[in-house]
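One letter stands for each residue in the lines below.
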Amino acid sequence: MRILIVDDFSTMRRIVKNLLGDLGFSNTAEAEDGHAALALLQSQSFDFVVTDWNMPVMTGIELLKAIRADAKLKTLPVLMVTAEAKREQIIEAAQAGVNGYIIKPFTAQTLQEKLGKIFERLAASA
Amino acid sequence: MDVAMDKAWLVQRLQEALAALETGDEAGWRVQIDALAAARTQPMMAGLSRLARELGQALGELPTVGHDADAEELDDACARLDHVVTMTEQATHRTLDLTEECRALTARLGEEALPALEQQQALERIRHNLTEIALTQSYQDLTGQIIRRVVGIVRRVHEGFGALGLPPELQASRQQGRTEPALAGPAVAGVDRHAVSQLDADDLLSDLGL
């Protein structure tokens, strides 16, 4: 399981990376915005994306839409981890095809729960 | 110019402008209108100058941060806020370094047959790191002070515009018309009423079939 962590703050990338490591996911890579993430996704193989929403150059929602519009990437699970907490935004993300949505600040337990739920659903639909 | 004088002066300008207009004196009419326009913009200019002066003073009042060399360069609010970002980033990385080290140390302590001396050293190191982590949090005091002062400046500018009769709502809506509305960012309790909790978000998503 290779996971791409996308956030413009290096500290948040590090925190997410540590939390994922604690949950047994130690194979990760990082990108600082949607554009850099998309370049990595197109050149390397990933099984999961954890992305922030508000980033310069290319936002997380734009990244999500780009992933869903890409023939090769469209089934890639995407978990949004963001400070954006408006109802309309959550609906927008859901409509764009997000697999999970975590509002910052979040706990290790929330991350574990959401990951578990996403994997359960993927297993059920596979 | 007091109110009565002001009124008399205005009446005179208007009457002369009207007279000039009626006699087809284009230049004379313009002179009167220009005088009226200048009278209208003068208080606005004076207000803006005062605001600029106050802003300059407020910026000068800000506490300097960091070491001497840094302090010289931090001469405006934006640089100070950038400094807040750097300070918080450094403190977070320092804390993460220390927690990672502690994690490795606890793993060592879990090893069987670890000599008593090494065990003692590992515990000492963990204790030291915990103290360091606590100390690292002192950035909050400094960043808090800087942010408060910048908030004060923003409020003064906002009030200054209000005093000049420039409604902030109008400014904001003009801005929005030109650029895409910015993302809301982290919700602040008591301020952002639109924000939902993780539980609300979960309910919403499950309603949407997620």
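(A) How the structure looks around unusual backbone geometry. Along the chain, A:Lys104 connects to A:Pro105 via a cis peptide bond; the corresponding omega equals -5°. Here A:Pro105 is to be found in the loop between strand S5 (100-103) and helix H5 (108-125). Non-glycine residue A:Val57 carries a positive phi angle of around 65°. Structurally, A:Val57 can be placed in the loop between strand S3 (48-51) and helix H3 (60-69). With phi around 60°, B:Ala113 is a residue other than glycine that occupies positive phi space.

(B) Highlighting the packing of helix H4 (residues 87-95) of chain A against helix H8 (residues 198-207) of chain B. As a packed pair, H4(A) and H8(B) sit with axes 10 Å apart at the nearest point and diverge in direction by 40°. Between H4(A) and H8(B), the crossing angle belongs to the class labelled oblique. At the point where H4(A) passes H8(B), the crossing takes the right-handed sense. Of the residues in H8(B), those touching H4(A) at A:Arg87, A:Ile90 and A:Ala94 are B:Ala201, B:Leu204 and B:Leu205. Taken together, the residues that form the contact of H4(A) with H8(B) break down as five nonpolar, no polar and one charged.

(C) Up close: the nonpolar core. Of all hydrophobic cores here, the largest spans 36 residues; its most connected members are A:Leu4, A:Val6, A:Val50, A:Met80 and A:Tyr101. Among all residues touching A:Val6, those that are not within four sequence positions of it are A:Ala31, A:Gly34, A:Ala37, A:Val49, A:Val50, A:Thr51, A:Asp52, A:Gly60 and A:Leu63.

Scoring rules and cut-offs
- Residues numbered from 1 in each chain as written.
- Chains lettered and ligands numbered in written order.
- Predicted model: local features only at pLDDT ≥ 70, side-chain atom pairs only at ≥ 80, totals over all residues.
- Helix = DSSP H or I, 4+ residues; strand = E, 2+ residues; numbered from the N terminus.
- Axes fitted to C-alpha atoms, helices over the stretch in contact; angles between N-to-C directions.
- Parallel < 35°, antiparallel > 145°, perpendicular 65-115°, else oblique.
- Left-handed = near helix turned anticlockwise from the far one by under 90°.
- Contact = placed C-beta atoms within 7 Å.
- Nonpolar A, V, L, I, M, F, W, Y, C, P; charged D, E, K, R; others polar.
- Core = buried A, V, L, I, M, F, W, Y, C linked by C-beta atoms within 7 Å.
- Buried ≥ 20, exposed ≤ 12 C-beta atoms within 10 Å, placed from the backbone.

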